[in-house]
Structure formats: C-alpha cells, structure tokens
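# Descriptive structure summary
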Amino acid sequence: IDEETGYRGLFGVIANAEVRNVVLSNASIHGFGNIGGVAGMSVESTIQNVRVHGNIIGIQSVGGIAGMCQSGTVTECINYGSLTNQDAVMVGGIAGAIVEGTIRNSMNFGEISAGEVVGGIAGATMMAAVENCVNAAAIEASPEKTGEAMGGMFYGTGGIVGCQIGGTLSNVLC
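Residues numbered from 1 in each chain as written. Predicted model: local features only at pLDDT ≥ 70, side-chain atom pairs only at ≥ 80, totals over all residues. Heavy atoms only, no water.

### Regarding the overall build of the protein
Helix and strand content of the protein: 0 helices and 23 strands. C-alpha extents for the protein along the principal axes are approximately 35 × 35 × 25 Å. Buried residues in the protein amount to 52% of all 174 residues. For the protein, the accessible area works out to roughly 7,000 Å², and carbon and sulfur atoms hold 51% of it. (Helix = DSSP H or I, 4+ residues; strand = E, 2+ residues; numbered from the N terminus. Buried < 20%, exposed > 50% of the residue type's maximum accessible area, 1.4 Å probe, protein only. Areas by Shrake-Rupley, 256 points an atom, 1.4 Å probe, with all protein chains shown as cover.)

### Quick notes on the pattern of salt bridges
Counted under the stated rule, the structure contains 2 salt bridges. A salt bridge links R20 to E18; the nearest nitrogen and oxygen atoms lie 3.0 Å apart. Its relative accessible area of 36% is what places R20 among the partly exposed residues. A salt bridge links R104 to E131; its shortest N-O distance comes to 2.9 Å. Residue R104 is found in strand β12 (residues 102–104), and its partner E131 is found in strand β16 (residues 129–131); the two are separated by 27 residues along the sequence. (Salt bridge = Lys/Arg side-chain N within 4 Å of Asp/Glu carboxyl O.)

### Section: unusual backbone geometry
The backbone of S71 shows a phi angle near 55°, a positive value even though the residue is not glycine. Turning to its location among the elements, S71 is positioned in the loop between β7 (66–70) and β8 (73–75). Residue classification places S71 among the partly exposed positions, given a relative accessible area of 34%.

### Observations regarding the environment of V23
Here V23 shows up in strand β2 (residues 18–30). Under the relative-accessibility criterion, V23 is labelled exposed at 56%. Note: C-alpha distance between V23 and G64 (41 residues apart in sequence) is 12 Å. With residues up to four places along the chain from it excluded, the contact list for V23 reads R51 and H53. (Contact = heavy atoms within 4.5 Å.)

### A word on the environment of N49
Inspection of the secondary structure puts N49 in strand β5 (residues 46–57). Between the C-alpha atom of N49 and that of A66, which follows or precedes it by 17 residues, the distance is 13 Å. Filtering out sequence-adjacent residues up to four positions away, N49 remains in contact with R20, N21, V22, T75, E76 and C77. In terms of polar contacts, N49 uses its side chain to reach the side chain of R51, at 3.1 Å. (Polar contact = N/O pair within 3.5 Å; in protein donor to acceptor, adjacent residues only side chain to side chain.)

### Details of the packing of aromatic side chains
Aromatic ring pairs are defined here through the distance separating the ring centres and the angle between the ring planes. Inspection of the entire model under this criterion finds 1 aromatic pair. When the ring of Y80 is compared with that of F109, the centres are 5.5 Å apart and the planes differ by 10°; the resulting orientation is stacked. Of this pair, Y80 sits in the loop between β9 (78–79) and β10 (82–92) while F109 sits in the loop between β13 (107–108) and β14 (112–119); the two residues are 29 residues apart in sequence, bridging distant segments of the chain. When its relative accessible area of 37% is taken as the criterion, Y80 is described as partly exposed. Residue classification places F109 among the partly exposed positions, given a relative accessible area of 36%. (Phe/Tyr/Trp six-rings, centres within 6.5 Å; stacked < 30°, edge-to-face > 60°.)

### Here's the deal with the environment of A141
Relative to the helices and strands, A141 is located in strand β18 (residues 139–141). Note: C-alpha distance between A141 and S113 (28 residues apart in sequence) is 5.8 Å.

### Considerations on the sheet that holds strand β22 (residues 161–165)
Across the sheet, 6 strands lie side by side as β1-β4-β7-β11-β15-β22; this open sheet has parallel pairing. Where the open sheet ends on each side, the last strands, each with one partner, are β1 (11–15) and β22. With strand direction ignored, the average angle separating the axes of adjacent strands in the sheet is 5°. Note that strand β11 (residues 95–99) and strand β15 (residues 122–126) share 4 bridges and pair parallel. Paired with I98 across the strands is T125, a residue of β15. (Pairing = 2+ DSSP bridges. Axes fitted to C-alpha atoms, helices over the stretch in contact; angles between N-to-C directions.)

### Details of the confidence of the model for the protein
Reading predicted coordinates in detail is not appropriate for stretches of low pLDDT. Of the residues in the protein, 91% have a pLDDT of 70 or more, and the chain-wide mean is 91. Note on residues 148–153: pLDDT is under 50 here. Beyond four places in sequence and across chains, it has 9 contacts. (pLDDT = per-residue confidence, 0-100.)

What follows is the structure in structure tokens.
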C-alpha cells in the first residue's frame, strides 16, 4: 500500500470490529497519517493475536499494529516490522497513539526511527493502559526534536511510551 493519504493498513478504519489471528508478511505500507499494519484507525475494536512483518512509513500516528486506537483493545500482538521516518510524530511499535483504550500482553521487536513522540509500544497514550508489554528493539528519535515543549505538551522518547497523559503503565519491560 503506497499512497500519500491517510488511514492506511490492511484496513483503513475499523469500528466496533474484531480482528483476530492475522499474520502480515512482507508488509509495505506507506501513507500520511493514521498508518498501521492492521488498521490505520481502530475505534472501539479488538485486535488480538496479530503478527506484522515488514515496513511501515507515515508522518503522523504510525504504529506496527494500529496507527490510532480509540477506546479499544490491542492484545497478544507482536510487531517485527520497522517504522522509519525522521519526520514522523507519534510513532509506536504497537500503536502510534491510543486514547482511552488498552494495549495488553504485546511485544515490539521492530526497529523504530522517527521524529518525536516515539515509544517502543506506543508513541502517545491518553487516558489509556499499557499492561504486560515488552519492547526489545532500538528506539531512535530526531535529536533536535526530542524533549521539545510544543503546544503545552512535553514531547519525548521512551522505551515503552513517548508521551503519557493520564492512564497507567504496569508490568512493562524494555
């Protein structure tokens, strides 16, 4: 999938859906915003037992499994794919951003090299939970952007989460 638009992945947008037991091999997904291996955007959905191998490139909200996850659950997923773009914002091995949802029992083995708000599991979490997750890959952010305060929010890089606003982290390892 190679388009200069948003909402790209195996599915552009899923809502009130369940995606289970999927393996993506040699995925090549390029787009603008909300780019993920399985879903560009997941709304009130469950993504479970998914494996992604390949390359995922976007500009904003880029994740190995989902670009943006709102009020849903991502569980038992593994990303092996690389996420690279030095200009990208909100990039994570599992989700670029997750709002009021949960990432549980998931792992990232894919190299991440991005601009800012970069995390091994999620780039940004907002009132979300990250539980029992492992990041075992290298994380790199553009040094000139790391740690900037923009729009009142502090942007950073983390082994698990780049920027957390509320919510919880429990039993995580990087």
